[in-house]
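Examining the three-dimensional arrangement
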Amino acid sequence: MERGFQERVLALVARIPQGRVMTYGQLALLAGTPGAARQAGQVLNGLLGHTPLPWHRVINAQGRVSTHKIGFGDVQEGLLRAEGVAFDDSGRCDLDALQWWPDDAPERTLPPAPLL
DNA sequence: AGTCTGACACCCG
DNA sequence: ACGGGTGCCAGAC
């Protein structure tokens, strides 16, 4: 049943707490495939509308939703707002404050610590 | 500081 | 075996 990458991404998405977010690149990283951010996006693209998973809690590294193309932009933003996520005028949210990392994340998949 | 562009990486059908 | 795709990053404007 294990499909590998896809299943791991979905498992991660399922764990994102309400009011928090993860990025595509982050999902790929934690799924064990750094650089496969676009594939993470493709995985999510498949389940829009027919999934119990909190797909709307996944945004891009710029802190903005990437679903406008597919017509789910407003929906996603609305769902996040309902959870307390604030978006500024340019449609961005504060990733530093809202991005969620699993507590059991291996150290090498942790966010780069500021060295200064 | 903000926005746009192009090269790049990579799983899945 | 091959190309697409909800991205990412670095560099230019």
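Residues numbered from 1 in each chain as written. Chains lettered and ligands numbered in written order. Predicted model: local features only at pLDDT ≥ 70, side-chain atom pairs only at ≥ 80, totals over all residues. Heavy atoms only, no water.

A word on the pattern of salt bridges. Enumeration over the complete set of coordinates arrives at 3 salt bridges. For Arg-15, the salt bridge identified is with Asp-104, shortest N-O distance 3.3 Å. With Arg-15 in helix 1 (residues 5-15) and Asp-104 in the segment after helix 5 (95-98), this pair connects stretches of sequence that are 89 residues apart. Judged by relative accessible area, Arg-15 falls into the partly exposed class, the value being 38%. According to the relative accessible area criterion, Asp-104 is exposed, its value standing at 54%. Linking Glu-83 and Arg-57 is a salt bridge whose minimum nitrogen-to-oxygen distance equals 2.7 Å. Residue Glu-83 is located in the loop between helix 4 (73-82) and helix 5, and its partner Arg-57 is located in the loop between helix 3 (37-45) and strand 2 (58-59); the two are separated by 26 residues in the primary sequence. We classify Glu-83 as buried; its relative accessible area is 18%. You can call Arg-57 buried: its relative accessible area is 12%. (Salt bridge = Lys/Arg side-chain N within 4 Å of Asp/Glu carboxyl O. Helix = DSSP H or I, 4+ residues; strand = E, 2+ residues; numbered from the N terminus. Buried < 20%, exposed > 50% of the residue type's maximum accessible area, 1.4 Å probe, protein only.)

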